[in-house]
Amino acid sequence: MPKPAKLDRLLRVRTLQLGLVRAEEVRAQERFASESTLKGRIAQLAEAVAPSSDATQGFSFIAAAHFRDRLQQSAEAAEGRLRAAERVVERAAEATREARRDQNAIEKLIARADADAALKAIRELEAAPPTRKIRHDPC
């Protein structure tokens, strides 16, 4: 059985690792939310530039087509970034689960070591010779 000091040190390290992994997962989720927002904004802009039945808008059709083309390219790029951010979120969540499993394993080892130490102390007390108390009669 590992020494308690070693287990405590391992627990501190695993706890720090878990904190770092959780922070990375939060950053990945924030990036995913940002990419989702950007994709939604691009879709709104594309709707605003979409052709309408009213030909007196003041836009030239060539300029509107150019903007729609550029927005379509931006939307495709945003979709790719969104898929990449989603994969990063999934990997970060898996890393968080692994770090939590590692920390739980160390906590269980510490609990088992404490239980073993308590059991050993109980057995030592049971095996110890009885102590004899010298009782004096009241004077």
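Further up the page is the structure itself.
Nothing here was measured: the structure is a model prediction, and the numbers come from that model.

## Some points on the overall build of the chain
From N to C terminus, the chain includes two helices and zero strands. For 139 residues, the compact-globule estimate of 2.2 N^0.38 gives 14 Å, and the C-alpha radius of gyration of the chain, at 33 Å, exceeds that figure by more than 25%. Counting only C-alpha atoms and orienting by the principal axes, one finds that the chain spans roughly 120 × 35 × 20 Å. Of the roughly 11000 Å² that the chain leaves accessible, carbon and sulfur atoms contribute 57%. Within the chain, one finds 26 positive and 21 negative side-chain charges whose respective centroids are separated by 7 Å.

## Looking at the pattern of salt bridges
Applying the stated rule across the entire model yields seven salt bridges. A salt bridge links Glu24 to Arg27; the nearest nitrogen and oxygen atoms lie 2.7 Å apart. One end of the pair is Glu24 and the other is Arg27, both in helix α1 (residues 4-49) and three residues apart, which spans about a single turn. A relative accessible area of 39% places Glu24 in the partly exposed class. Two residues, Arg101 and Glu94, come together in a salt bridge whose shortest N-O distance is 3.6 Å.

## A word on the packing of α1 against helix α2 (residues 61-127)
Orientation of α1 relative to α2, taken along the N-to-C sense of each, is 160 degrees, at an axis distance of 7 Å. Relative to α2, the element α1 is oriented roughly antiparallel. In this structure, α1 meets α2 at a crossing whose hand is left-handed. Here the contact of α1 with α2 is composed, by residue class, of 29 nonpolar, six polar and 13 charged.

## Observations concerning the nonpolar core
If you look at the biggest cluster of nonpolar residues, it comprises five residues: Ile42, Val49, Ala64, Leu71 and Ala78. Of all elements in the fold, only α1 and α2 reach the threshold of two or more residues within this core. By residue number, the principal contributor to this core is α2, which donates three residues.

## A look at the environment of Ala65
Mapped onto the elements of the fold, Ala65 is located in helix α2. Under the relative-accessibility criterion, Ala65 is labelled partly exposed at 35%. A sequence separation of 38 residues divides Ala65 from Arg27, and the C-alpha atoms of the two residues are 37 Å apart.

## Re α1
Compared with the 68 Å implied by 1.5 Å per residue over 46 residues, the 67 Å span of α1 between its first and last C-alpha is a close match. Taken residue by residue, α1 has Leu7, Leu18, Glu25, Ala28, Glu35, Ile42 and Val49 as its buried positions.

Rules behind the numbers
Residues numbered from 1 in each chain as written. Predicted model: local features only at pLDDT ≥ 70, side-chain atom pairs only at ≥ 80, totals over all residues. Heavy atoms only, no water. Helix = DSSP H or I, 4+ residues; strand = E, 2+ residues; numbered from the N terminus. Rg over C-alpha atoms; globule rule 2.2 N^0.38 Å. Areas by Shrake-Rupley, 256 points an atom, 1.4 Å probe, with all protein chains shown as cover. Lys, Arg positive; Asp, Glu negative; His and termini not counted. Charge placed at Lys NZ, Arg CZ, Asp CG, Glu CD. Salt bridge = Lys/Arg side-chain N within 4 Å of Asp/Glu carboxyl O. Buried < 20%, exposed > 50% of the residue type's maximum accessible area, 1.4 Å probe, protein only. Axes fitted to C-alpha atoms, helices over the stretch in contact; angles between N-to-C directions. Parallel < 35°, antiparallel > 145°, perpendicular 65-115°, else oblique. Left-handed = near helix turned anticlockwise from the far one by under 90°. Nonpolar A, V, L, I, M, F, W, Y, C, P; charged D, E, K, R; others polar. Core = buried A, V, L, I, M, F, W, Y, C linked by side-chain atoms within 4.5 Å. Expected span 1.5 Å × (residues − 1).

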